[in-house]
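Letter by letter, the chains look like this.
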Amino acid sequence: MTDFDPIRSFRKLAYNNALANHRLHMACALLQPGEFEAPRVSFFPSIKATLNHILTVDWFYVDALEGGTLGPQAWAVEEPCPDIASLAAEQKAVDARLVTLAEALSPQKLVSTVEIHRGERIQRERMEDVLNHLFQHQTHHRGQAHAMLAGTGVRPPQLDEFIVADDARFRGDEIAALGWSEVRIMD
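To start, this report covers the structure provided alongside it. A quick note: this is a predicted structure, and the numbers were derived from the prediction, not measured.

Rules used in this analysis
- Residues numbered from 1 in each chain as written.
- Predicted model: local features only at pLDDT ≥ 70, side-chain atom pairs only at ≥ 80, totals over all residues.
- Heavy atoms only, no water.
- Helix = DSSP H or I, 4+ residues; strand = E, 2+ residues; numbered from the N terminus.
- Buried < 20%, exposed > 50% of the residue type's maximum accessible area, 1.4 Å probe, protein only.
- Contact = heavy atoms within 4.5 Å.
- Areas by Shrake-Rupley, 256 points an atom, 1.4 Å probe, with all protein chains shown as cover.
- Phe/Tyr/Trp six-rings, centres within 6.5 Å; stacked < 30°, edge-to-face > 60°.
- Axes fitted to C-alpha atoms, helices over the stretch in contact; angles between N-to-C directions.
- Parallel < 35°, antiparallel > 145°, perpendicular 65-115°, else oblique.
- Salt bridge = Lys/Arg side-chain N within 4 Å of Asp/Glu carboxyl O.
- Lys, Arg positive; Asp, Glu negative; His and termini not counted.
- Core = buried A, V, L, I, M, F, W, Y, C linked by side-chain atoms within 4.5 Å.
- Pairing = 2+ DSSP bridges.
- Expected span 1.5 Å × (residues − 1).
- Nonpolar A, V, L, I, M, F, W, Y, C, P; charged D, E, K, R; others polar.

**Remarks on the overall build of the protein**
So, point 1. Along the backbone of the protein there are 7 helices and 2 strands.
So, point 2. Starting at the N terminus and ending at the C terminus, the protein contains elements arranged as α-α-α-α-β-β-α-α-α.
So, point 3. Across the 187 residues of the protein, 47% fall into the buried class.
So, point 4. Sequence separation of 24 or more characterises 70% of the internal contacts of the protein that already satisfy a separation of 6 or more.
So, point 5. As displayed, the protein has an accessible area near 9,800 Å², and 55% of this comes from carbon and sulfur atoms.

This is the structure in structure tokens:
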């Protein structure tokens, strides 16, 4: 057994996030015309609106975590992606940025201060708290999209089989499609 690595959980959550988004987007690509934007009961009124919200909030926080100043411009357009193909491509790009950020973490970075541009003010938070907040936000809203997907003809994908080594049997093809390896994500 190796020494405890305080960064490992953040790396695994970043990979888990990207895989869960990939699975959800693959399922949404199977929706019949009109189902992606169809009105549904949830916090946001459609799968499209929910997934666009996840994307714009990811833009906001990942930019701040990278030291950027995008701020509220991240959601200046409430639903920037009109279809699942464009949304999946944009989400994949921001997910890759988050994985890159997580791969570069150190204990010192985790306790550093992130400046979050909120328009009229700058919010200052520890990086580890911002990361935990972001992962919670993503999980929360993906769950809502998952529940809405259950009201369609498309079976919602499994989103929680990732963290433990035994789950490798459920993710092999997807890990390869994302260009990863088991060694990389389980390290």
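Let's pick the thread back up.
**Observations regarding the packing of aromatic side chains**
So, point 1. Within this structure, the stated rule accounts for 3 aromatic pairs.
So, point 2. Between F43 and F44, the ring centres sit 5.1 Å apart and the planes meet at 70°, which makes this aromatic pair edge-to-face.
So, point 3. Under the relative-accessibility criterion, F43 is labelled exposed at 62%.
So, point 4. Taking the relative accessible area as the measure of exposure, F44 reaches 15% and is therefore buried.

**Focus on the packing of helix 2 (residues 47–65) against helix 5 (residues 127–149)**
So, point 1. Running from N to C, helix 2 and helix 5 point in directions that differ by 170°, and their axes come no closer than 9 Å. The angle between helix 2 and helix 5 places the two elements in the roughly antiparallel class.

**As for the pattern of salt bridges**
So, point 1. Tallied over the entire structure, the rule returns 5 salt bridges.
So, point 2. The salt bridge partner of R11 is D5, with a shortest N-O separation of 3.0 Å.
So, point 3. A relative accessible area of 14% places R11 in the buried class.
So, point 4. The exposure class assigned to D5 is partly exposed, which follows from its relative accessible area of 27%.
So, point 5. For K48, the salt bridge goes to E79, with nearest N and O atoms at 3.5 Å. One end of the pair, K48, is in helix 2; the other, E79, is in the loop between helix 2 and helix 3 (84–103), with 31 residues separating them in the sequence.
So, point 6. Assessed through its relative accessible area of 17%, K48 is described here as buried.
So, point 7. Overall, the relative accessible area of 30% leaves E79 in the partly exposed class.

**Some details on the side chain of E35**
So, point 1. Relative to the helices and strands, E35 is located in the loop between helix 1 (8–28) and helix 2.
So, point 2. Buried and unpaired, E35 has R40 as its nearest opposite-charge partner, separated by 4.6 Å.

**Re the nonpolar core**
So, point 1. Among the nonpolar cores identified, the biggest contains 42 residues, and I47, L51, L65, L98, L105, L131 and L149 are the most heavily contacted of them.
So, point 2. Residue assignment for this core shows that the elements contributing at least two residues are helix 1, helix 2, helix 3, strand 1 (113–117) and helix 5.
So, point 3. Looking at this core element by element, the count peaks at 11 residues for helix 2.
So, point 4. Every residue in contact with L105, bar those within four places of it in the chain, is listed here: I7, F10, L110, M127 and L131.

**Overview of the pairing of strand 2 (residues 122–126)**
So, point 1. Bridge count between strand 1 and strand 2: 5 bridges; the pairing is antiparallel. Bridge assignment links V114 to a residue of strand 2, and that residue is E125.
So, point 2. Hairpin connection, strand 1 to strand 2: the antiparallel pair is bridged by 4 residues, and G119 has positive phi, about 90°.

**A look at helix 1**
So, point 1. Taking 1.5 Å as the rise per residue, helix 1 with 21 residues should run 30 Å; its terminal C-alpha atoms sit 30 Å apart, in good agreement.
So, point 2. For helix 1, a buried count of 16 out of 21 residues is recorded, marking the element as mostly surrounded by other parts of the structure.

**What to know about the packing of helix 1 against helix 3**
So, point 1. Look at helix 1 against helix 3: their axes get within 9 Å of each other, and the N-to-C directions meet at 170°. Considering their axes alone, helix 1 and helix 3 lie roughly antiparallel with respect to each other. Facing helix 1, whose interface residues are F10, R11, A14, Y15, N17, A18, N21, H25 and C28, helix 3 presents I84, L87, A88, Q91, D95, L98, V99, A102 and E103.
So, point 2. Residues that form the contact of helix 1 with helix 3 fall into these classes: 11 nonpolar, 4 polar and 3 charged.

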